[in-house]
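What follows is each chain in one-letter form.
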Amino acid sequence: MKTSSIKNTIKLILLSITLMACHSPTDISGQLEGTINKDTKIYLIEPNGLREVAASYLGKVIDSTLVNSDGSFEFQNLPKTKEAKLFELAIQQSDKSPNYLQTDNPNKANYMPILWQPGESLQIAAKLDEFQKSFSIEYPSETNKGLLDLRDIKQRAYQTFLAGKHWNVENGSQLLEKEHAILQYQNKLITFADSTKYLMPALVALRWVSPENDYERVPEFLVSQCEKWTKKQPDNPWVKQLCAESDRANLPVLIGDVFPNLELPMLTKDTLTIKSQLGNKLTIVDLWASWCAPCRKENREVLVPLWDLYHGQGLQIIAYALESDETAWKEAAEHDGASKWLQASDLQGDDAPFLKKIRIQTIPANFILDDKGLVIAKNIHGKALLDFVKTYINK
């Protein structure tokens, strides 16, 4: 072989090595579209636990990089690990904390969760002012594809049920309408989590259901996710955290549970047990207060008609009021027509023992029990409750 050919071969080898070094198979890099300020940074954040996923200010910043004027960026100080890592990429201006995450509006969310495998190269593209909404990965893994699919579901659900909506909740008149819209939004994420084959997208869906970590209205979702992933990955530390969060002892009474047979101090000064007062077909355990506008509306427009129509056919209503003033409680019940059914209260206001025992903090709330005291539904209001009772009683 000629000397010149040997030299050319060596040059090609060196060039290949240089290119491989410049494009490490373990980097995360990408391109941003938009006007780039000189201080625009992208941070690599690692949640150190389930509660830190999609939670502002809680994740640990492990690396950062300035975005170049042409929109390009690259992380090179990734952790040395043999395990896949859930990261959050967050774009920030200089006036924000590095681990600040915009969680209120998906259209403006400044972060995106990704799963990084050691030895994997992730090539990312996004728009500066719609970071999460426009985020894409070139040739994503199945898990990252799941995260992107989840992002799309969240975007569509937000646009359908929450975007641009305003509710008058100061006097409580539209509180239940707002709660219903939020639940419809959450149900899209819950359906995804229930159907996905991949753990991390399911966990991100769970956290996106409630970044505030408040699952009082959907505790069954936590329990079902624990059961699902315990069967699939019982030793996974993320699954163990999930199951700790879904401990039934810390959750409200669930659908499928027998409602606790608690003693209740009645407005009539009697003390009765729930089991002794169950209806022959159906019982509504209703939690309300004289100061709760949607509760009062539910009394007049839903519970009174239900009582009048179906009490003689096996419907019972047991109401528990969060009251500290007996006079206000009695006057509200009589005014609404709610004195027709059983009324109970410990007269300890928000510190009510009954709520602590069933682990509820939010009203209006209700539990629908069958004739044995089994919870068959909960938190159904308005026309949906009217329809449910009519169908159940007449079946």
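For the structure, check the block above.
Report follows, based on the coordinates. Bear in mind the structure is a predicted one, so any value in this text is a computation, not a measurement.

Bringing the overall build of the protein into the picture now. When helices and strands are counted, the protein shows 11 helices and 15 strands. The globule rule puts the C-alpha radius of gyration for 395 residues at 21 Å, and the 28 Å found for the protein is more than 25% above it. Seen through its C-alpha atoms, the protein measures out along the principal axes to roughly 105 × 40 × 35 Å. Burial status across the protein gives 47% buried among its 395 residues. Of the roughly 19,800 Å² of accessible surface on the protein, 51% is carried by carbon and sulfur atoms. In the protein, 45 positive and 50 negative side-chain charges are present, and the distance between their average locations comes to 7 Å.

What follows covers helix 11 (residues 382-394). Its 13 residues give helix 11 an end-to-end C-alpha distance of 19 Å, which sits within 8% of 18 Å, the value for a rise of 1.5 Å per residue. Packed against the buried residues of helix 11 are strand 11 (282-288), helix 8 (293-310), strand 12 (315-321), strand 14 (365-369) and strand 15 (375-378).

Take the pattern of salt bridges next. Taken as a whole and judged by the stated rule, the model has 15 salt bridges. Salt-bridge contacts for Asp-336 lead to Arg-296; the nearest nitrogen and oxygen are separated by 2.4 Å. Of this pair, Asp-336 sits in helix 9 (residues 326-336) while Arg-296 is found in helix 8, placing the two residues 40 residues apart along the sequence. The pair Asp-336 / Arg-296 is uniform in exposure class, with both members buried. A salt bridge links Asp-387 to Lys-383, with the shortest nitrogen-to-oxygen separation between them at 2.7 Å. With Asp-387 and Lys-383 both in helix 11 and 4 residues apart, this pair spans about one turn of that helix. Residue classification places Lys-383 among the exposed residues on the basis of a relative accessible area of 58%. Several salt bridges share partner residues, and in doing so they unite Glu-227, Arg-248 and Asp-257 into one network.

Turning our eyes to something else, we now look at the state of the cysteines. For the structure on display, the rule yields 2 disulfides. A disulfide bridge connects Cys-226 with Cys-243, and the sulfur atoms are separated by 2.1 Å. Across the S-S bond linking Cys-226 and Cys-243, the dihedral sits near 105°, which makes this disulfide right-handed. One end of the pair, Cys-226, is in helix 6 (residues 219-232); the other, Cys-243, is in helix 7 (residues 237-245), and 17 residues separate them in sequence. Bridging Cys-292 to Cys-295, the disulfide has an S-S length of 2.2 Å. Measuring handedness by torsion sign, the sulfur bridge of Cys-292 and Cys-295 sits at about 70° and is right-handed. When the bonded cysteines of the protein are counted from the start of the sequence, the pairing works out to 1-2, 3-4.

What follows concerns the nonpolar core. One finds Ile-28, Leu-32, Ile-42, Leu-89, Phe-131 and Phe-135 to be the most contacted residues of the largest nonpolar core, which totals 67 residues. Once you skip the residues sitting within four places of it in the chain, Phe-131 turns out to touch Leu-32, Ile-42, Leu-89, Ile-91, Ala-109, Asn-110, Tyr-111, Met-112 and Ala-126.

Our next topic: the packing of helix 8 against helix 9. Where helix 8 contacts helix 9, the two axes come as close as 9 Å, and the packing angle between them is 40°. Viewed along their axes, helix 8 and helix 9 form a crossing whose handedness is right-handed. Taken together, the residues of helix 9 that come into contact with helix 8 (itself represented by Arg-296, Asn-299, Arg-300 and Val-304) are Ala-332, His-335 and Asp-336. Of the residues belonging to the contact of helix 8 with helix 9, the class tally is 2 nonpolar, 2 polar and 3 charged.

Attention now moves to the side chain of Asn-107. If you trace the backbone, Asn-107 turns up in the loop between strand 5 (85-92) and strand 6 (111-116). Setting aside chain neighbours within four positions, we find Asn-107 in contact with Asp-129, Glu-130, Lys-133, Gln-155, Tyr-158 and Gln-159.

Time to look at the packing of helix 5 (residues 199-209) against helix 6. Running from N to C, helix 5 and helix 6 cross one another at 170°; their axes reach a closest spacing of 12 Å. Our classification of the angle between helix 5 and helix 6 gives roughly antiparallel. Residue-level contacts link Leu-199, Ala-202, Leu-206 and Val-209 of helix 5 to Phe-221, Leu-222, Gln-225 and Trp-229 of helix 6. When grouped by side-chain class, the residues that make up the contact of helix 5 with helix 6 number 7 nonpolar, 1 polar and no charged.

So, on to the packing of aromatic side chains. Summed over all chains, the structure comprises 9 aromatic pairs. An aromatic cluster of at least three residues, connected via ring pairs, comprises Phe-259, Tyr-320, Phe-354 and Phe-367.

Cis rather than trans, the peptide bond between Ile-363 and Pro-364 has omega equal to 0°. Unlike most non-glycine residues, Arg-359 shows phi in positive territory, near 60°. If you trace the backbone, Arg-359 turns up in the loop between helix 10 (353-358) and strand 14. The backbone of Asn-379 sits at a positive phi, close to 55°, despite the residue not being glycine. One can find Asn-379 in the loop between strand 15 and helix 11.

About the cut-offs
- Residues numbered from 1 in each chain as written.
- Predicted model: local features only at pLDDT ≥ 70, side-chain atom pairs only at ≥ 80, totals over all residues.
- Heavy atoms only, no water.
- Helix = DSSP H or I, 4+ residues; strand = E, 2+ residues; numbered from the N terminus.
- Rg over C-alpha atoms; globule rule 2.2 N^0.38 Å.
- Buried < 20%, exposed > 50% of the residue type's maximum accessible area, 1.4 Å probe, protein only.
- Areas by Shrake-Rupley, 256 points an atom, 1.4 Å probe, with all protein chains shown as cover.
- Lys, Arg positive; Asp, Glu negative; His and termini not counted.
- Charge placed at Lys NZ, Arg CZ, Asp CG, Glu CD.
- Expected span 1.5 Å × (residues − 1).
- Contact = heavy atoms within 4.5 Å.
- Salt bridge = Lys/Arg side-chain N within 4 Å of Asp/Glu carboxyl O.
- Disulfide = S-S within 2.5 Å.
- Core = buried A, V, L, I, M, F, W, Y, C linked by side-chain atoms within 4.5 Å.
- Axes fitted to C-alpha atoms, helices over the stretch in contact; angles between N-to-C directions.
- Left-handed = near helix turned anticlockwise from the far one by under 90°.
- Nonpolar A, V, L, I, M, F, W, Y, C, P; charged D, E, K, R; others polar.
- Parallel < 35°, antiparallel > 145°, perpendicular 65-115°, else oblique.
- Phe/Tyr/Trp six-rings, centres within 6.5 Å; stacked < 30°, edge-to-face > 60°.

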